[in-house]
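# Notes for the structure review
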Amino acid sequence: MKNFCQRLIESCEKHSQKIAMRVVGDEREIYTFGEMLEQIRSIAHRLSLENVGFGDRVVVIGENHPCWAIAYLATLYRGAICVPLDPHGEIETLTNFFENSKAKIAFLSADVVKKFSEIQERLGRSIPAVVWRAFGEDEESETDVEKNPKSKIQNLKSFDDWSKAGFPASFAEKEPPAGLDDNALLIYTSGTTGKPKGVPLTHGNICAELDAIDRVLEITEKENVLSLLPLFHAYLQIVNLWLASTKGAEVFYLKELSPDELSRAMKESRMTILASVPRLWYLFHKKIFDAVRDKPKAVQMLFRSMLRTNGFLRDTLNVNLGHLFFKQVHDSFGGNLRLAVSAGSRFDEKVAIDFHRLGFTIIQGYGLTETSGAATATYIDDNRVGSVGKPMYGTEVKIDSPDDEGVGEVLIRGGLVFKGYYENPEATREAFTGDGWFRSGDLGKFDRDGHLYIVGRAKDVIVLPSGKNVHPEDLEVHYLKSPLVAEMAILGVEDRSEGRAGAEKLAAVVVPDFEYLKHASIANSREAIRYDLDNLGREIPEYQRVREYIIRAEPLPRTATRKIKRFELKKEIETGQIAAGAGKEAKSWSFTAEDRELIDSPIGRAVASVIGSNARDAEVIHPGMNLEIDLGLDSLARAEVFAALEQAFQTEFEGDEAAQALTVGDVISLIEKRAGDVGRIQKIPADLNWGKIVREQSTGVPEVQYILRKRAVFPVFAFSVYKIFNLFCRVFMRLEVAGMENLKALLKEPPEGRTQNPATFLICPNHQSFLDPFVLCSNYSVDVFRRTFHVGASMFFRGRFMQWVARTLQVVPIDPDTQLMRAMKAGAEGLKNGMILNIYPEGERAYDGHLHEFKKGAAILATELDLPILPVALDGLQNVWARRSWRIRPAKVKIRIGEPFFPREVLSQQSAVSGERSAPPALADGSNAATDLSDEEKYVIITDHLKNEIEKMIDEMRK
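Residues numbered from 1 in each chain as written. Predicted model: local features only at pLDDT ≥ 70, side-chain atom pairs only at ≥ 80, totals over all residues. Heavy atoms only, no water.

Quick look at a positive patch on the surface now. Judged by side-chain charge, Lys297, Arg304, Arg308 and Arg357 come together as a positively charged surface patch. Here the positive patch takes three residues from helix H13 (residues 297–316), the largest share from any one element. Looking at where Arg304 falls in the secondary structure, it is placed in helix H13. We classify Arg304 as partly exposed; its relative accessible area is 40%. (Patch = residues over 30% accessible without salt bridge, like charges linked within 9 Å, V, L, I, M, F, W, Y side chains within 5 Å. Areas by Shrake-Rupley, 256 points an atom, 1.4 Å probe, with all protein chains shown as cover. Salt bridge = Lys/Arg side-chain N within 4 Å of Asp/Glu carboxyl O. Lys, Arg positive; Asp, Glu negative; His and termini not counted. Charge placed at Lys NZ, Arg CZ, Asp CG, Glu CD. Helix = DSSP H or I, 4+ residues; strand = E, 2+ residues; numbered from the N terminus. Buried < 20%, exposed > 50% of the residue type's maximum accessible area, 1.4 Å probe, protein only.)

Rendered as structure tokens:
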């Protein structure tokens, strides 16, 4: 068998005039195979002159670049051992790797020089370093690197000098010294604490992997390969270095991995092969399908129809029309992508199916650094979605101690498996069975046809109190279907409610997709994400549902191979470091001159004042802070911030504008755009005066004016339809209604101390289904029906037809989350004109039948206008029309109308119980309340009382 270096030389000589590597967008960075081989030999010869002997360790550290590849290949040509390291690794970890490997010399990119200097200081010794220039840097600045002002490092050499120094003819004529059994690489998989785990791979391991891949992929010299993932990862070395260099393929490198640069590189490279990890494919998938969702309904239906058609043609006739049906999508990938390879973690089946139907062929691979990369793969002619394929050529795989479902640890044996960890006999003993099988640490199972399925890491399995095992990676794939989520980690955290040590519950650390939130005009990411993930939870068994969500703005901590650092996250949760709340990380925010100028401007100071009064624990307000995640503003506090700013700047924000302002800087920019003249700033109140706002509201909300108009015919027709619907409810839902006398009592005579006629009040039911208002209103008398109006989320009433529906149902379409001031004014205006407000304090439908958090809008209106609240309990409607379902099912439904109460009466009772005073004093408008309570405290008391009343009625109905 030819060793790797022999294959490399053969390929370079055969394709000497063909381009081997290039940097996208830089004509200076182009290397033919002949030039590459010249530079490899030049550097290999120079290494021998620098006393880098056979088997010595040579570090390569830097961003992806042709020089990275040449340094790597030259090290192997010399017979030394290449140690590729993560340029973004922590100083302590990298120092540990340098020390453990006894590195003789290092190849660096220019941007790693400063970090390398710190590593040397920690090591207490000098290591010669060869530096290649940064992208776009002039050759002159690199050739004299020893005078580089960015570094005080001694023995700093120029890569350009070394690669062009030349070599004797006798050096080129000699065979490279390494044999198949000699070590070629030393790749570290861990080492932050304790003894590092270095994986030595031999030239024979590399050749075994190449021979196995030849049986899976048909790689030729015509391939174009785009380098996306970091080269220090073994997976990318297989494609970019081992395959491309020995097959004669061309590799394209990016200057930076930004969306614009990536899009440009895909088109310019016209790549035929793309090797990546599932996460990148999920991002591609999200971008494609988000764009489809923005199209008209007819286009969406056509797209789905073409997806199904091409899927059918591929599965039954082996005909792929993806390039014709989805030309725009394929063109975004360069228009020439014939094969994609995904490895590193499990691939979501539904995403894989979508790409299959789009016309892409994605090969799945599975393996570890210890197995030289892939140990199993899905073959082009046997590509089973969801599996990681079958063992590759020369490799055996089996399941150790499978359970009832066939799940057990994956064991691997073959020529591509390493022989043991570097200078770590204890770790080596633990990694192998007595008969030589390598323990992968992954859990998997085989299907009947021999396809392997990976279900998770053995050490990451979460054992619930019920004894059920949960594999977090599987769950993450499911929950990441939410377009609101960019990243997620599911963990098992201590569940103190279980009352015994070791009990765990499922918690998710979630990073929102802020770009999607802005695009979709979603203001309250916390509530929207919880709502969406709860919906997804309904699709899986109850024991697998996440019980707690922790939202954070920062990306999840990951290893060099992009695996989530679960232990680190779990520790932060258990110590409270990443619990939601303002001010916990405030001291880490640093201000640039631009930040300081923005926050110190008149508008910036006004915005900071309003936000600070609502985020009371915040030590500092920074323009980059997210209102919810960094400052801890809940939906109401966020809405009150915008309401106060509207009041202060005498303006009114559109709902979408407010929703897209996610950070402090966004809010300042919005004010600058809307208000403009800073001289218009009014005095910023410490707290929003809801009493003044709702009591002084008379006219001004156009949406309310329509429902106040007297209509003679239509209300009678609508009432008749509702009554017919009520008969349907009595049969289909076996509807039971109790407490109607409480509603009638409010209509017969005005409450004590009030002379208004007709009676005005608020009806406050819990919320379970879209059917709630229809079922509830169908029980009203004609007088109540004609005067009842609703304030509903505007997102449900867009378009001409839905606007007509809103008017028909007497709905004022205003989103309280983004236009709270307008919503409160609308409610006040209708009530003051003799209407009855039907308002749902939960603000969302409860999918599980349990009460969710109540918001205080109803309490504010009732308290400040001195109006009674009629609590209503609904139960069973969540079973008739469940959330995220279009299926209507027969189910038992009950409605109970409770006794009305005035907020002033509840506040008086609260004062009496607390012993503050026996009789409440009079307010300016003649009503009574406990004056020692702040407005906020009053609203909380009324909201809690309302929720308790509804909860008691639901409990009684269920008994």
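Picking up after the structure, the text goes on.
What follows concerns the nonpolar core. Membership of the largest hydrophobic core comes to 97 residues, with the highest contact counts inside it found for Met36, Phe107 and Leu185. With ten residues, helix H3 (residues 66–78) is the single largest residue contributor to this core. Judged by nonpolar contacts, the second largest core, of 46 residues, contains Ala858, Phe901, Val906 and Ile942. (Core = buried A, V, L, I, M, F, W, Y, C linked by side-chain atoms within 4.5 Å.)

Under the defined criterion, the tally for this structure stands at 35 salt bridges. Taking the shortest distance from any N to any O, the salt bridge between Lys102 and Glu423 comes out at 3.2 Å. Within this pair, whereas Lys102 is found in the loop between helix H4 (91–101) and strand S5 (105–109), its partner Glu423 is found in the loop between strand S18 (408–414) and helix H17 (425–431), the two being separated by 321 residues in sequence. Among the salt bridges present, the one from Arg566 reaches Glu476, with a minimum N-O distance of 2.6 Å. Of this pair, Arg566 sits in helix H21 (residues 566–574) while Glu476 sits in helix H18 (residues 472–479), placing them 90 residues apart in sequence. Given the relative accessible area of 12%, Arg566 is considered buried. You can call Glu476 buried: its relative accessible area is 7%.

What follows is about the packing of helix H1 (residues 4–14) against helix H2 (residues 33–49). Where H1 meets H2, the axes come as close as 7 Å, and the angle between the chain directions of the two elements is 140 degrees. Classified by the angle their axes make, H1 and H2 are oblique. In this structure, H1 meets H2 at a crossing whose hand is left-handed. On the side of H1, the interface is formed by Leu8, Ile9, Ser11, Cys12 and Glu13, while H2 contributes Phe33, Gly34, Met36, Leu37, Ile40 and Arg41. Its residues placed into classes, the contact of H1 with H2 shows seven nonpolar, two polar and two charged. (Axes fitted to C-alpha atoms, helices over the stretch in contact; angles between N-to-C directions. Parallel < 35°, antiparallel > 145°, perpendicular 65-115°, else oblique. Left-handed = near helix turned anticlockwise from the far one by under 90°. Contact = heavy atoms within 4.5 Å. Nonpolar A, V, L, I, M, F, W, Y, C, P; charged D, E, K, R; others polar.)

In terms of burial, strand S3 (residues 57–61) is largely enclosed, as five of its five residues are buried. What you see with S3 is no split at all: Arg57, Val59 and Ile61 on one side and Val58 and Val60 on the other are buried throughout. Of the pairings in the sheet, the one linking S3 to strand S4 (residues 81–85) comprises five bridges and is parallel in character. Counted as the bridge partner of Val60 is Pro84 from S4. The parallel pair S3 and S4, bridged by H3, forms a crossover whose chirality is right-handed. Note that S3 and S5 share four bridges and pair parallel. Residue pairing across strands places Ile61 opposite Leu108, the latter belonging to S5. (Pairing = 2+ DSSP bridges. Right-handed = clockwise from strand over helix to strand, strands pointing away.)

Another point: the packing of aromatic side chains. Overall, the coordinates contain 26 aromatic pairs when judged by the stated rule. In this structure an aromatic cluster arises from ring pairing among Trp281, Phe284, Phe333, Phe355 and Phe360. Above the plane of the ring of Phe591 lies Arg596, whose end atom (NZ or CZ) is 4.0 Å from the centre. Over the face of the ring belonging to Phe902 we find Arg904, whose NZ or CZ atom lies 4.3 Å from the ring centre. (Phe/Tyr/Trp six-rings, centres within 6.5 Å; stacked < 30°, edge-to-face > 60°. Lys NZ or Arg CZ within 6 Å of the ring centre and 35° of its normal.)

Moving on, we get to the sheet that holds strand S26 (residues 736–738). Strand pairing in a sheet is mediated by backbone hydrogen bonds. Such pairs are either parallel or antiparallel. Read from one edge to the other, the open sheet built from seven strands follows the order S26-S32-S31-S27-S30-S28-S29, with strand pairing classed as mixed. Two strands in the sheet have a free side with no partner beyond their single neighbour: S26 and strand S29 (811–813). Neighbour-to-neighbour, the strand axes of this sheet turn through a mean angle of 20 degrees, independent of strand direction. Looking at chain direction, strand S27 (residues 762–765) and strand S30 (residues 836–838) are connected through two bridges and run parallel. Looking at S30, one finds that Leu762 is bridged to Leu837. Its contacts with the sheet place helix H34 (residues 820–832) against S27, strand S28 (788–792), S29 and S30, and it is angled at close to 175 degrees to S28.

Our focus in this paragraph is helix H23 (residues 602–614). Here H23 spans 19 Å end to end across 13 residues, near enough to the 18 Å set by a 1.5 Å rise per residue. Among the residues of H23, those classed as buried are Ile603, Gly604, Ala606, Val607, Ala608, Val610, Ile611 and Ser613. (Expected span 1.5 Å × (residues − 1).)

We now examine the sheet that holds strand S2 (residues 26–32). Strands sit in the order S2-S1-S11-S10-S12-S13-S14-S15-S16 across an open sheet of nine strands; the sheet is mixed. Of all the strands in the sheet, just S2 and strand S16 (390–391) have a single pairing partner and so form its edges. Inspection of the sheet shows strand S12 (residues 273–276) paired to strand S13 (residues 339–342) by four bridges, in the parallel sense. Considered in S13, the bridge of Ile273 is made with Leu339. Lying on the sheet, helix H12 (residues 278–293) is in contact with S12, S13 and strand S14 (362–368); it crosses S12 at an angle near 115 degrees.

Attention shifts here to the environment of Pro200. As for its position among the elements, Pro200 is in strand S9 (residues 197–202). Accessibility expressed as a relative area gives 12% for Pro200, which makes it buried. Measuring from C-alpha to C-alpha, the distance between Pro200 and Leu186 comes to 4.4 Å, with 14 residues separating the pair along the chain. If near-sequence neighbours (up to four positions away) are discounted, Pro200 is found in contact with Asn183, Leu185, Leu186, Asn205, Phe418, Gly420, Tyr421 and Tyr422.

Spatial relationships are all this shows, so hold off on functional conclusions.
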